[in-house]
Amino acid sequence: MNRVLTLAAYNIKLLLSERNWFFLIWALFALQITIFGSLMSRLVSGKVEDYLFFYSIGLMVITVFDSGASVGRNFVEHAHEGELPYYLSLPISRRGFLAAQALYGVADTMLKTLPPLLGILFFMGRLTVLGAFFAVLALLLLGLGISGIMISMSFIAFKSVDIYSAFIAGLSALLVRFSTVFYPLIFMPNFYSPISLLSPLTYGADLARWFLGFDPQLLLNPILAAAVVTAVAVGTLSLSARIVDRIIEGVKVG
Amino acid sequence: MAVLISLSVSDMLVTALVYRGLMNFDYFRFLVPGIVVAGLFSAATDTGRRIWLALREGVVQYYMTLPIRTSGLVVAYILSGGLGGIVYSSFLLVIALAVVPHQGIVNALLIIPFMFVLSTGIAGLSAFLASISRRGEIYWVYAQGLQVSMVTISTVFYPAQTIEGFLPGPVATIARYNPLSLAAGALRDSGFGGNPLDLSVLGTLLAASLPLAVSGALAYWVILRTIRLRGKP
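Residues numbered from 1 in each chain as written. Chains lettered and ligands numbered in written order. Predicted model: local features only at pLDDT ≥ 70, side-chain atom pairs only at ≥ 80, totals over all residues.

## A short note on the overall build of chain B
Step number 1: The helix and strand inventory of chain B stands at ten helices and zero strands.
Step number 2: Starting at the N terminus, the α and β elements of chain B follow one another as α-α-α-α-α-α-α-α-α-α.
Step number 3: Scaling as 2.2 N^0.38, a compact globule of 233 residues should have a C-alpha radius of gyration of about 17 Å, and chain B matches this with 18 Å.
Step number 4: Its C-alpha atoms put chain B at 60 × 35 × 35 Å along the principal axes.
Step number 5: Looking at chain B as a whole, 42% of its 233 residues are labelled buried.
Step number 6: Sequence-distant contacts in chain B: of pairs separated by 6 or more residues, those separated by 24 or more amount to 79%. (Helix = DSSP H or I, 4+ residues; strand = E, 2+ residues; numbered from the N terminus. Rg over C-alpha atoms; globule rule 2.2 N^0.38 Å. Buried ≥ 20, exposed ≤ 12 C-beta atoms within 10 Å, placed from the backbone. Contact = placed C-beta atoms within 7 Å.)

## Considering the interface of chain B and chain A
Step number 1: Taken together, the 23 residues of chain B in the interface contact 25 residues of chain A.
Step number 2: Taken together, the elements giving at least two residues each to the side of chain B that touches chain A come down to α1 (2–20), α6 (138–152) and α7 (160–164) of chain B.
Step number 3: Ranked by residues supplied to the side of chain B that touches chain A, first place goes to α1(B) with ten residues.
Step number 4: Here the side of chain B that touches chain A is built from residues that sort into 16 nonpolar, seven polar and no charged. (Nonpolar A, V, L, I, M, F, W, Y, C, P; charged D, E, K, R; others polar.)

## Here we look at the environment of B:Ser42
Residues and elements named next belong to chain B.
Step number 1: Tracing the backbone through its elements, the reader meets Ser 42 in helix α2 (residues 27–57).
Step number 2: Judged by the 18 C-beta atoms lying within 10 Å of it, Ser 42 falls in the partly exposed class.
Step number 3: Note: C-alpha distance between Ser 42 and Gly 85 (43 residues apart in sequence) is 7.6 Å.

## Here we look at the packing of helix α2 (residues 19–44) of chain A against α6(B)
Step number 1: Where α2(A) contacts α6(B), the two axes come as close as 11 Å, and the packing angle between them is 0°. Relative to α6(B), the element α2(A) lies roughly parallel. Taken together, the residues of α6(B) that come into contact with α2(A) (itself represented by A:Leu24, A:Leu28, A:Leu31, A:Ile35 and A:Phe36) are B:Val141, B:Gln144, B:Val148 and B:Thr152.
Step number 2: Class assignment of the residues belonging to the contact of α2(A) with α6(B) gives a composition of seven nonpolar, two polar and no charged. (Axes fitted to C-alpha atoms, helices over the stretch in contact; angles between N-to-C directions. Parallel < 35°, antiparallel > 145°, perpendicular 65-115°, else oblique.)

## Section: unusual backbone geometry
Step number 1: You will see that A:Asp50, though not glycine, has its phi angle at about 55°, which is positive.
Step number 2: Residue A:Asp50 is classed as partly exposed on the basis of its 14 C-beta neighbours within 10 Å.

## Some points on the confidence of the model for chain A
Step number 1: This prediction gives chain A a mean pLDDT of 84; 93% of its residues lie at or above 70.
Step number 2: Across chain A, helix α10 (residues 200–211) of chain A holds the top mean pLDDT of 93, while helix α7 (residues 154–157) of chain A sits lowest at 68. (pLDDT = per-residue confidence, 0-100.)

## Some remarks on helix α5 (residues 94–123) of chain A
Helical periodicity: at 3.6 residues per turn, an α-helix aligns residues three or four positions apart in one direction.
Residue and element names in this part refer to chain A.
Step number 1: Counted at 1.5 Å a residue, the expected span for α5 with its 30 residues is 44 Å, and the 44 Å between its end C-alpha atoms agrees.
Step number 2: At Thr 113, α5 shows its largest bend, some 35°, and a proline, Pro 115, comes one to four positions later.
Step number 3: At the C-terminal side of α5, Gly 125 shows a positive phi close to 70°. (Expected span 1.5 Å × (residues − 1). Bend = angle between axes of the 7 residues up to and from the residue.)

## Here we look at the nonpolar core
Step number 1: With 141 residues, the main nonpolar core has A:Val61, A:Ala208, A:Val229, B:Val37 and B:Ala183 as its most contacted residues.
Step number 2: Discounting chain neighbours no more than four positions away, the residues touching B:Val37 are B:Val156, B:Leu180, B:Ala183, B:Ala184 and B:Leu187. (Core = buried A, V, L, I, M, F, W, Y, C linked by C-beta atoms within 7 Å.)

## Some remarks on the environment of A:Leu237
Step number 1: Here A:Leu237 shows up in helix α11 (residues 222–247).
Step number 2: Residues A:Leu237 and A:Gly148 lie 89 residues apart in sequence; the distance between their C-alpha atoms is 4.5 Å.

## Re helix α5 (residues 105–132) of chain B
All names here are of chain B.
Step number 1: Spanning 28 residues, α5 covers 40 Å between terminal C-alpha atoms, matching the ideal 40 Å at 1.5 Å per step.
Step number 2: At Pro 113, α5 shows its largest kink, close to 30°.
Step number 3: For α5, the tally of buried residues reaches 21 of 28 residues, placing the bulk of the element in the interior.

## As for the packing of α1(B) against α2(B)
All names here are of chain B.
Step number 1: Across the interface, α1 lies against α2 with an axial gap of 9 Å and an inter-helix angle of 160°. With respect to α2, the axis of α1 lies roughly antiparallel. α2 is crossed by α1, and the crossing has right-handed handedness. Each of Leu 4, Ser 8, Asp 11, Met 12, Ala 16, Leu 17, Tyr 19 and Arg 20 in α1 lies in contact with α2, whose residues at this interface are Tyr 27, Phe 28, Leu 31, Val 32, Ile 35, Gly 39, Ser 42 and Ala 43.
Step number 2: The residue makeup of the contact of α1 with α2, split by class, is eleven nonpolar, three polar and two charged. (Left-handed = near helix turned anticlockwise from the far one by under 90°.)

Structural data, given as structure tokens:
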């Protein structure tokens, strides 16, 4: 356990050395909310009560998604830059190595989302300790699920990084557009709403909104959402552990 | 390119379509021409990324050994950025014309050369930012800033009246005269709406785009000349 924590702490230290990026992400988030979010909420007004708040949480989910995806990308980059063989030579099991990656992902997600989330809740007058705690928990579970999906897909990158990047970008576009990140499910056309139910972002976004007190009539059943978010996190992390265990040997470097 | 196209097409066929159900006007018809212009912006700014990579990875040293003058190299980069933007946005325009009822296909075709100039202008601007990004990953900060300032503060996603009702006057004026707003407006009014082409809008589009292309070309030329003389940027 100590070794897992040491490796995770090393990765998190590297993450913290790039703190300027966090300020940039927070600043861009604030700009996106104050300009794009505010203007879109004026256009949407009437159909969705407090669309700015709805949009803010959606943007938060996008940040979690990016953070989860970056964990997968880091994993792939480590493999191709030759760092993976070094990590595998350390006296730590492969599951321990994956657990350290997951902890790194949790830290990355927390750093990117917690300050803006608390800021939004404070400025919108919706800040409660319980609401914020459970919303962060939902977002973290979602982030773990996304990391698991990305690492599970890394077997593609072991063949070709370009195909992996293109595949992940395409998958990301579909997961975001077909989810309830920016619009409630009941406003989606009938031919899109079944696809939306296949995106884990739909469940993560609606669950976080439910914890924060958004109108439940516009959201999915929170028990279903919590079950799916948990299942995706556990399922994809287990899958990634199996995949990595089997194919990690012989990864081409460079 | 395939990734960029999938992003833009999903914006058109999913995002725009769903938002139409949330608004009191035909937002699909409004947003689709905007996505064509936003796509042009994304493809043209790729020039900056390529220049930044060339400077960072030393590929530019190889380019300078080629039997081509520095000015030729600069013009080639800016033109390729312009062409990349126009090829990409033309593809999106074909899809847009297929999914949105239109009344001015000839006007849409006439706007394309002006969009090419806009694309070279954006390529020049991103080349300028790449050229002044000497340190680490600072180019990506500039690139994000460029995207926020040019795409978010424009009429690509929302009508000018909405911006005027919310943002301060000077910012609303910048949004109105933003070259992306001018191009999106021309496509909406003349390409899809069937109104005659507004030459003053197209003139303003040229006047706003050409200085960007020239300043980018100049900045890149200065960097290349410095590398030629000193061996490093």
